Amino acid sequence: MKLIFLFVVIFNRGICQDNNTLEIDLINYEEKNERTLAKLLLDDYYKYARPVRNSSSILNVTALIQIYNLVEVNEKNEQIQLLLWFPQSWKDEYLTWDPEEWNGIEKIIIPKAMIWVPDGYIFNTVAEAETMENHNARVRYDGKVELVDLTCPMSVSSFPFDSQLCALQFGSWSYPNNVLSFNVMGAWVHEKEKNSEWDIIDFNATKLVRGYNDTLGGANVYEEIFYYLELKRKPHYYIVVIIIPTFAIVTVSNIGLFTPHGVHGDREEHVSLGLTTMLTMAVILDMVTGQMPKSSEGIPLLGKYVLIEFAISIIAVLVSILIIFAHERMLYLEKTPPAWIFRIFEKSYFQKVPLAEMEQDDILSKPRDPKEEMKLCLEKVRNYLEDLETQENHEKIWQRFFSLTDILCGFIFSVINVLVTFYMFIDYF
């Protein structure tokens, strides 16, 4: 009976050995595919610790950020929205095999949730429109595509000819630089990227090492990658919609304010024209302020320009009112123009004897003869008519003087308007 028992045991063991050999042979020759390889690699895989066999070694992560599209720039909230592709790669020491033993398999796709991934994060991210939970990963990680909102402090002092420099701060939340290091391969912008308002001028990366104090009195040193994105605004919209209309409105207003509306030089509706211009400038200023962020740097360039044009319009209206008032007072008080005005506008000027003096002389030397009295009356009528003619001549001279003043003021304000526009925007053309 012992011999039989031993034989059975040996026979059974032989069968077991043959079955194991057969299973190995099946794996070696029939099931060497991605499924079997992934099952073998993940059978005893632990995804909650760094995939290094030596705990003192540094795990290097290579990152290459790529911008596929500049979606939106929100100046009021100081945010930019980017469509990013952020590939990362590292060496996982527990996910290795010999391709020659696995029918030449070099890459397999594994769900990201089943392996360890670095906890790299863009620190100044506001929101992510797409999470990473359902993404797959290759053993040599290839990356993901996500839509990201970033904070970007805006410098609007030269708006709308401004350039913005936005920084994307990327790094690890948990691992210091002695256990996790990043290799920067640079930054790249997709050549088909187009935005109606902004141009991407430059996109580069810089790696820095920073220390942060912890709650235990120590310090942790982390590696951080700063991706600097330089943007330049396309100012064509603001030039066509705001700058050119503002310049044209103020120029036409200045010409209208200092141009007589009638043949005789009357200045009706000047104040109404000035008030209409100021109301238009207020509307334009409201349009500008609605598109600019509230910045501590002061008023942007476009806002300054609209305010200066507003001030020019106000000063022009005040000067026009002053000219109207002075002209009216000169005519109402029947003021005689000064001699230098006569020299400019009246070539043959002879000082007439006022009518009042003629009447005083006539009273003192009043003749008794009716013939002489008739002659005196005719002389008084002639002097009166000459006095009316002189008064009309004075009014014409005042009219010419104030008309010339209007022309000079209109020319001066137009030149000031051109010089202000040229001086404020010459550096941006």
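Since we're looking at a predicted model, the values are computed, not measured.

1. Some remarks on the overall build of the protein
Link 1 in the chain: The helix and strand inventory of the protein stands at eight helices and 12 strands.
Link 2 in the chain: For the protein, with 429 residues in total, the buried portion stands at 36%.
Link 3 in the chain: When contacts within the protein are restricted to residue pairs at least 6 apart in sequence, those whose partners lie at least 24 apart make up 77%.
Link 4 in the chain: When the accessible surface of the protein is split by element, carbon and sulfur atoms take 59% of a total near 26,700 Å².

2. Brief notes about the pattern of salt bridges
Link 1 in the chain: Within this structure, the stated rule accounts for six salt bridges.
Link 2 in the chain: We note a salt bridge from Glu 197 to Arg 233, for which the minimum N-O separation is 3.0 Å. With Glu 197 in the loop between β10 (180-189) and β11 (198-213) and Arg 233 in strand β12 (residues 219-233), this pair connects stretches of sequence that are 36 residues apart.
Link 3 in the chain: We note a salt bridge from Lys 207 to Glu 223, for which the minimum N-O separation is 3.8 Å. Highlighted residues: Lys 207 in strand β11 and Glu 223 in strand β12, separated in sequence by 16 residues.
Link 4 in the chain: Put simply, Asp 162, Glu 197 and Arg 233 are held in one network by salt bridges that share partners.

3. Overview of a nonpolar patch on the surface
Link 1 in the chain: Taken together, the side chains of Leu 404, Ile 407, Leu 408, Phe 411, Ile 412, Val 415, Ile 416 and Leu 419 define a hydrophobic patch exposed on the protein surface, amounting to about 740 Å² of accessible area.
Link 2 in the chain: Its location among the elements puts Ile 412 in helix α8 (residues 370-425).

4. What about the sheet that holds strand β9 (residues 163-172)?
Link 1 in the chain: As summarised here, the arrangement of the four strands in space is β5-β9-β12-β11, forming an open sheet in which the pairing is antiparallel. Sheet topology places β5 (120-122) and β11 at the edges, where each strand pairs with a single neighbour. Shown here is a sheet whose adjacent strand axes are inclined to one another by a mean of 20 degrees, direction ignored.
Link 2 in the chain: Examined bridge by bridge, β9 and β12 share nine bridges and lie antiparallel to one another.

5. A few points about the nonpolar core
Side chains of a nonpolar character, in soluble globular proteins, are inclined to be buried together.
Link 1 in the chain: If you look at the biggest cluster of nonpolar residues, it comprises 78 residues, and the most contacted ones within it are Ile 80, Leu 82, Ile 108, Tyr 227, Leu 229 and Leu 231.
Link 2 in the chain: Residue contacts for Tyr 227: discarding those within four places in its chain leaves Ala 63, Ile 65, Phe 86, Cys 166, Ala 167, Leu 168, Phe 170, Gly 186, Ala 187, Phe 203, Asn 204 and Ala 205.

6. Observations regarding the packing of aromatic side chains
Link 1 in the chain: Tallied over the full model, the rule gives 17 aromatic pairs.
Link 2 in the chain: Look at Trp 116 and Tyr 175: their rings are 5.9 Å apart centre to centre, the planes differ by 65 degrees, and that puts the pair in the edge-to-face class. Highlighted residues: Trp 116 in the loop between β4 (109-111) and β5 and Tyr 175 in the loop between β9 and β10, separated in sequence by 59 residues.
Link 3 in the chain: Both rings, one in Phe 258 and one in Phe 413, keep their centres 5.6 Å apart while their planes meet at 10 degrees; by these two values the pair is stacked. Of this pair, Phe 258 sits in the loop between α3 (236-257) and α4 (270-290) while Phe 413 sits in helix α8, placing them 155 residues apart in sequence. Judged on exposure class, the residue Phe 258 and its partner Phe 413 are both buried.
Link 4 in the chain: If you follow Arg 53 out to its NZ or CZ, it ends over the ring of Tyr 94, 4.4 Å from the centre.

7. With respect to the side chain of Asp 92
Link 1 in the chain: With respect to the helices and strands, the residue Asp 92 is situated in the loop between β3 (88-90) and β4.
Link 2 in the chain: Among buried charged residues, Asp 92 stands out as having no salt bridge; its nearest opposite-charge side chain is Arg 53, 7.5 Å away.
Link 3 in the chain: One polar contact links Asp 92 to Tyr 45, side chain to side chain, over a distance of 2.5 Å.
Link 4 in the chain: Contact partners of Asp 92, with chain neighbours within four places excluded, come to Tyr 45 and Pro 51.

Conventions we followed
- Residues numbered from 1 in each chain as written.
- Predicted model: local features only at pLDDT ≥ 70, side-chain atom pairs only at ≥ 80, totals over all residues.
- Heavy atoms only, no water.
- Helix = DSSP H or I, 4+ residues; strand = E, 2+ residues; numbered from the N terminus.
- Buried < 20%, exposed > 50% of the residue type's maximum accessible area, 1.4 Å probe, protein only.
- Contact = heavy atoms within 4.5 Å.
- Areas by Shrake-Rupley, 256 points an atom, 1.4 Å probe, with all protein chains shown as cover.
- Salt bridge = Lys/Arg side-chain N within 4 Å of Asp/Glu carboxyl O.
- Patch = residues over 30% accessible without salt bridge, like charges linked within 9 Å, V, L, I, M, F, W, Y side chains within 5 Å.
- Pairing = 2+ DSSP bridges.
- Axes fitted to C-alpha atoms, helices over the stretch in contact; angles between N-to-C directions.
- Core = buried A, V, L, I, M, F, W, Y, C linked by side-chain atoms within 4.5 Å.
- Phe/Tyr/Trp six-rings, centres within 6.5 Å; stacked < 30°, edge-to-face > 60°.
- Lys NZ or Arg CZ within 6 Å of the ring centre and 35° of its normal.
- Lys, Arg positive; Asp, Glu negative; His and termini not counted.
- Polar contact = N/O pair within 3.5 Å; in protein donor to acceptor, adjacent residues only side chain to side chain.

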